[in-house]
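Structural features, examined
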Amino acid sequence: MEQPKERHWRRWIVLALMIIGPILILGVGGIFKPAPIPISVAPEKILEEPIVPNFLGTGPLYLTNTLTTLIVTLILLIILAYSTSRSLKRSQNTDLVPRGVGNAMEAILEMIYNLTEGSAGQKWVRAIFPWFATILVYVLFANLLRLIPGFETIGVIHHVEEGAAGSALQPIAGHWYWVTAEPGEGLLVGFFRGLSVDMNFTLALALISVVMTQIIGVRAQGGGYWSKYFNTRRMFKVPFFGAMDFLVGLLEIISELSKILSFTFRLFGNMFAGVVLVAIVVSLLGFITIVPAMLMLFELFVGLIQAFVFGMLTMVFMAQATQGHGEEHAEAH
Amino acid sequence: MEGNILDAMRYVGAGLAMIGAAGAGVGIGLSVQGALTGMARNPDTYGNLLTNMILGIAFSEAIAIYCLVIAFLMLFKVV
């Protein structure tokens, strides 16, 4: 009975959107015909000139559209963190019942915490949990933000390069144009682009994850952690098998390096495959607009799973690094 | 019949690269089969099995994603 009456209008808005959407795209002969999305592996440059000519001695820094997305994502995350802490503090002062944002974040983080505790054990859960939670929330935001309508489709028009496919422009008012489905010489560069559709972002996260795994391993086992890679433990007792152990240890280094590669390509490949899939389906079945829309729904699912998998794998590798299998093996004999 | 033989070979190479996805498909199928059998025998382990299943799927899916990335690199002329 405490539910106030005036909150009911929100449901009607959702229902109206559900009706208006199909009418706009299907019913009236296509007011918004989907235009082909330009695909590029590298992030596009919004401004042709670099904003910083020589960034920390590494070369020119361009204003790419993943850079703007990164800034927006970080601002949103800071707002989320601030409102969560404020919401939890308010509930602490009143009746200890978390509500709103605090409640939602508490539910998610509690699940992550329990998962980490089950995998890593009571001792190391406090060291590993922040990495899991941060990566999950960050990648989740990065993956889901690009599903907002207009995220990749509002931007500046560049002239298309020779030989590449562009689209024709249709003026609306002033300097604003529609990008139409007909071929032309305009190339749309969105102000924003999915953050995980940039290999730099996924590579950075993969490096953080793998390097922190080594650091947590050293914290847990001390210098003995490195004997996983340079295994000289049995070298002098049993020369032949000791040498073999050493070679196997060297292979561990390669497997560690391939973790970076697999982290990078898993996230990037999944999200980029989504972009390409939507683009191809638009060019084939663009007139049945419900099909790309359904694919965007699938993207929601993929983004959720990939964020979870990235965090989960980081957590599992860190938990493995805290448990040295070599020592247990020696004690058993 | 005209065009660049290099472009043609790019498409052929992209198609060949995606053969690797077959193995990932088999792998995902096997891991889901194992998890479902386990869940059917012992429904209490549902949550635990689901997490590990998704983890295993992610590992085998990564192989298909490598193929996909190689195919994209060929199609979009990155290398």
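Worth saying up front: this structure is predicted, and the values here are computed from it rather than measured. Along every chain, residues carry numbers that run from 1 in the direction the sequence is written. Just so you know, chain letters begin at A and ligand numbers begin at 1, following the order they were written in. Reporting in this predicted model follows two pLDDT cut-offs: at least 70 for local features of residues, and 80 or more for side-chain atom pairs to be given and counted; totals over whole chains, interfaces and linings ignore these cut-offs and use all residues.

Examining the overall build of chain A
From N to C terminus, chain A includes 8 helices and 4 strands. By definition, any uninterrupted DSSP run of H or I lasting at least four residues is a helix, any uninterrupted run of E lasting at least two residues is a strand, and each is numbered from the N terminus. In chain A, the succession of α and β elements from N to C terminus is α-α-α-α-β-β-β-β-α-α-α-α. Taking all 333 residues of chain A together, 25% fall into the buried category. A sequence separation of at least 24 residues applies to 61% of the contacts in chain A between residues at least 6 apart. Comment: burial labels come from other C-beta atoms within 10 Å of the residue's own C-beta, placed from the backbone, where a count of 20 or more is buried, 12 or fewer is exposed, and between is partly exposed. Throughout, a pair of residues is in contact if the C-beta atoms placed from their backbones lie within 7 Å.

Examining the confidence of the model for chain B
Residue and element names in this part refer to chain B. Within chain B, residue pLDDT values average 86, and 97% of them lie at 70 or more. The predictor's confidence in any single residue is recorded as pLDDT, a number from 0 to 100. Across chain B, helix H2 (residues 20-41) holds the top mean pLDDT of 93, while helix H3 (residues 46-75) sits lowest at 83. Note on the complex model: pTM 0.82, ipTM 0.75.

Examining the packing of helix H5 (residues 199-221) of chain A against helix H7 (residues 290-322) of chain A
All names here are of chain A. One way to put it is that H5 packs onto H7 with a least axis distance of 8 Å and a crossing angle of 25 degrees. By the angle between their axes, H5 is roughly parallel relative to H7. Crossing hand, H5 versus H7: right-handed. When H5 is examined against H7, the residues Ser209, Thr213, Ile216, Gly217 and Ala220 are found in contact with a partner set consisting of Thr314, Phe317, Met318, Ala321 and Thr322. The residue inventory of the contact of H5 with H7, partitioned by class, reads 5 nonpolar, 5 polar and no charged. As a rule, the C-alpha atoms of each element are fitted with a line to give its axis, helices using only the stretch in contact, and angles between N-to-C directions run from 0 to 180 degrees. For classification purposes, angles smaller than 35 degrees are called roughly parallel, those larger than 145 roughly antiparallel, those between 65 and 115 roughly perpendicular, and all remaining angles oblique. A clockwise turn of the near helix away from the far one marks a right-handed crossing, whereas an anticlockwise turn of less than a right angle marks a left-handed crossing. Polarity classes work like this: nonpolar for Ala, Val, Leu, Ile, Met, Phe, Trp, Tyr, Cys and Pro, charged for Asp, Glu, Lys and Arg, and polar for all others, with Gly in that last group.

Observations regarding the packing of H7(A) against H3(B)
Running from N to C, H7(A) and H3(B) cross one another at 100 degrees; their axes reach a closest spacing of 10 Å. In terms of orientation, H7(A) lies roughly perpendicular with respect to H3(B). Residues Ile305(A), Val309(A), Met312(A), Leu313(A) and Val316(A) of H7(A) form the contact with H3(B), whose participating residues are Ile54(B), Leu55(B) and Ala58(B). Across the contact of H7(A) with H3(B), the residue classes break down as 8 nonpolar, no polar and no charged.

Observations concerning the environment of Phe317(A)
All names here are of chain A. Topologically, Phe317 is positioned in helix H7. Accessibility expressed as a C-beta count within 10 Å gives 20 for Phe317, which makes it buried. Taking the C-alpha atoms as reference points, Phe317 and Ala42, separated by 275 residues in sequence, lie 29 Å from one another. Contacts of Phe317, omitting those with residues within four sequence positions, involve Thr213 and Lys259.

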